[in-house]
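# Overview (structure and organization)
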Amino acid sequence: MPEVWMSQAIKADLGDHAPCDPAFPPKAIAHITADRQATADAPQDLLSFVRLQSFFTHGGKDLAPHILWDPFTGAFAQFFPATSRSKSLEDRPGGTRTNRAGKVVLQIEALFFPHCRVDDRVCARLTDSPCKGWSELNAWVRSWGVPDEWPMGRPTGFVADRSADAWSLRGGWYAHAHVPENSHVDPGSWPSFAQGRPIRAAAGVSERDGNSVSRSPSWDRPFPDV
């Protein structure tokens with residue numbers, strides 16, 4: 001049986017669970033937090049994993065995904081069980097239930113923005129980061145029946161390409177830029193599907209975070225994600 005709660009993740013259950021719609025195929029949605037604006041000439045420090053986790057458990061509850069993933073350390077936090085919808089997608093009245101349109105709709109927020117700086121290393125694209133923990137994350141998503149496929153193509157830039165038909169009929173991975181009723185264009189890039197059996201990663205917060213999980217952040221932007 002697949003794990004409702006990813007074993008490598010910090011469990012930060014927000015409650016307010018609600019079912020998905022099994023009439024649609026299983027999906028995973030790729031996001032980046034995009035919490036700061038930076039450029040190649042003016043990179044900015046990446047916010048800590050603890051700060052983003054605290055945002056999603058406090059003021060950002062109504063925007064929370066299933067999984068927050070730090071690709072620099074391999075840390076994870078999970079806010080909803082796999083069997084519940086999460087809340088990272090815009091869901092307009094009368095249209096498809098974007099957050100629910102699948103046997104599962106697993107939403108992943110990578111802690112990243114373009115030209116972020118971590119330990120003097122600047123990454124323009126998510127795929128420039130170490131992508132630590134990706135094999136574990138990919139395996140967990142796969143265990144829920146989400147195929148290693150991008151129905152709208154693996155994202156290679158911040159470009160929107162949406163198809164209501166593909167969304168309704170095809171399971172697999174979708175960029176936020178691919179989801180109907182949404183205007184965001186992230187994640188810009190995403191790692192290739194992992195092969196083989198993943199190495200189990202330790203849950204918890206890295207030394208880089210340096211803060212208590214219970215700390216409430218002073219948020220720089222009211223709305224994460226591009």
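First, a word on what this report is: a plain description of the structure on this page. Quick caveat: nothing in here was measured; it's all calculated off a predicted structure.

## Section: the pattern of salt bridges
- Enumeration according to the criterion identifies seven salt bridges in this entry.
- A salt bridge links Lys87 to Asp62, with the shortest nitrogen-to-oxygen separation between them at 3.8 Å. Residue Lys87 is found in the loop between β5 (75–78) and β6 (105–110), and its partner Asp62 is found in the loop between α1 (49–57) and β4 (67–70); the two are separated by 25 residues along the sequence.
- Given the relative accessible area of 18%, Lys87 is considered buried.
- Judged by its relative accessible area of 58%, Asp62 is exposed.
- Shared partners join several salt bridges into a network, and the residues in it are Asp16, Asp62, Arg85 and Lys87.

## Overview of the sheet that holds strand β3 (residues 44–45)
- The strand order β3-β7-β8 describes an open sheet built from three strands, whose pairing is mixed. The sheet is open, and its two edges are formed by β3 and β8 (121–123), each paired on a single side.
- Pairing of β3 with strand β7 (residues 116–118), which is carried by two bridges, proceeds in the parallel orientation. Residue pairing across strands places Gln44 opposite Cys116, the latter belonging to β7.

## Section: α1
- Here α1 lies mainly inside the structure; seven of its nine residues are buried.
- Within α1 the residues assigned to the buried category are Phe49, Val50, Leu52, Gln53, Ser54, Phe55 and Phe56.
- The secondary structure elements touched by the buried residues of α1 are β1 (10–11), β4, β5 and β6.

## Some words on the packing of aromatic side chains
- On inspection of all chains with the given rule, the structure shows ten aromatic pairs.
- The interplanar angle of 75° and the centroid separation of 5.0 Å between the aromatic rings of Trp167 and Tyr174 together place this pair among those described as edge-to-face.
- Take Trp167: its relative accessible area is 0%, and that puts it in the buried class.
- Taken together, the ring pairs connect Trp69, Trp134, Trp150, Trp173, Trp190 and Phe193 into an aromatic cluster.
- Lying over the aromatic face of Trp167, Lys27 brings its terminal NZ or CZ to 4.6 Å of the ring centre.

## With respect to the pairing of β4
- Across the two faces of β4 the burial is the same, with Ile67 and Trp69 and Leu68 and Asp70 all buried.
- The sheet contact formed by β4 and β5 spans four bridges and is antiparallel. Looking across to β5, one finds that Leu68 is bridged to Ala77.
- Here β4 folds back onto β5 in antiparallel fashion, the turn holding four residues, of which Gly74 has a positive phi close to 80°.
- Pairing of β4 with β6 involves three bridges; the strand directions are parallel. The partner of Trp69 across the bridge, within β6, is Ala110.

## Observations concerning helix α2 (residues 134–143)
- Within α2, burial applies to Trp134, Glu136, Leu137, Asn138, Trp140 and Val141.
- Buried residues belonging to α2 abut β2 (27–32), β4, β5, β6 and β9 (172–175).
- Gly145 sits one or two positions beyond α2 and adopts a positive phi of about 85°.

## Quick look at the nonpolar core
- One finds Trp69, Leu137, Trp173 and Trp190 to be the most contacted residues of the largest nonpolar core, which totals 50 residues.
- Counting residues in hydrophobic clusters, the runner-up holds ten residues, among them Cys20, Leu89, Ala166 and Val179.

## Remarks on the environment of Pro26
- With respect to the secondary-structure elements, Pro26 resides in the loop between β1 and β2.
- You can call Pro26 buried: its relative accessible area is 12%.
- Note: C-alpha distance between Pro26 and Gly145 (119 residues apart in sequence) is 6.4 Å.
- The residues contacting Pro26, other than those within four sequence positions of it, are Lys103, Val104, Trp144, Gly145, Val146, Pro147, Gly171 and Gly172.

Definitions and cut-offs
- Residues numbered from 1 in each chain as written.
- Predicted model: local features only at pLDDT ≥ 70, side-chain atom pairs only at ≥ 80, totals over all residues.
- Heavy atoms only, no water.
- Salt bridge = Lys/Arg side-chain N within 4 Å of Asp/Glu carboxyl O.
- Helix = DSSP H or I, 4+ residues; strand = E, 2+ residues; numbered from the N terminus.
- Buried < 20%, exposed > 50% of the residue type's maximum accessible area, 1.4 Å probe, protein only.
- Pairing = 2+ DSSP bridges.
- Contact = heavy atoms within 4.5 Å.
- Phe/Tyr/Trp six-rings, centres within 6.5 Å; stacked < 30°, edge-to-face > 60°.
- Lys NZ or Arg CZ within 6 Å of the ring centre and 35° of its normal.
- Core = buried A, V, L, I, M, F, W, Y, C linked by side-chain atoms within 4.5 Å.

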